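What the coordinates show
Residues per chain are reported as follows:
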Amino acid sequence: LQDQLGALSGLDAVVIGRSNFVGKPMAALLTAASCTVTLAHSRTRDLPGHVARADIVVAAVGRASFVKGEWLKPGATVIDVAINRVDGRLTGDVEFDGAASVAGAITPVPGGVGPMTIACLLRNTLVAAHRNAGLAFDSTVL
């Protein structure tokens, strides 16, 4: 894990969304990994300019297709945390088609961050159940 975190060291990251549930914790995690972090929001002045400099973009603002592909730095990693319902379809905060042609990597919505969130919650529930029952938990298994 340290090697993976070391790969983030010195990268510029923009977290769009300042919620206590996603935005602020994500900014703290990226800061702990030695990224230079900008915590932005829907009213940030020159948001496209901030995004254009970012190696990592985390979108958690809660507005469908808010982040445009042309804002992105070529090769940026884009993590779309949001889920919005538009015309009966689920979509994220990032305009996926435009962003996918520019980004080096991008999470889809649906099917990106959501399944990982569920997997982590299930693992945490299992760990808590083991601890509650006084049982050891083998972290090499899960």
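To keep things clear, this report deals only with the structure shown in the data block.

Calculation criteria
Residues numbered from 1 in each chain as written. Predicted model: local features only at pLDDT ≥ 70, side-chain atom pairs only at ≥ 80, totals over all residues. Heavy atoms only, no water. Helix = DSSP H or I, 4+ residues; strand = E, 2+ residues; numbered from the N terminus. Contact = heavy atoms within 4.5 Å. Buried < 20%, exposed > 50% of the residue type's maximum accessible area, 1.4 Å probe, protein only. Pairing = 2+ DSSP bridges.

A few points about the side chain of Thr 91
Relative to the elements of secondary structure, Thr 91 occurs in strand S6 (residues 89-91). Setting aside its immediate chain neighbours within four residues, Thr 91 contacts Ala 64, Ser 65, Ala 82, Ile 83, Asn 84, Val 86 and Val 109.

Thoughts on unusual backbone geometry
With an omega of 0°, the peptide bond between Val 109 and Pro 110 qualifies as cis. Assignment of secondary structure puts Pro 110 in the loop between strand S7 (105-106) and helix H5 (113-132). Positive phi values are uncommon outside glycine, yet Ser 34 reaches one of about 70°. Turning to its location among the elements, Ser 34 is positioned in the loop between helix H2 (23-32) and strand S2 (36-40). Classification of Ser 34 as partly exposed rests on a relative accessible area of 42%. Notably, Asp 46 is not glycine yet its phi reads approximately 50°, a positive angle. Tracing the chain through its elements places Asp 46 in the loop between S2 and helix H3 (47-52).

Some thoughts on the sheet that holds strand S4 (residues 77-80)
If you walk across this open sheet you meet the 5 strands as S2-S1-S3-S4-S7, and the pairing is parallel. Bordering the open sheet on either side are S2 and S7, each of which pairs with just one other strand.

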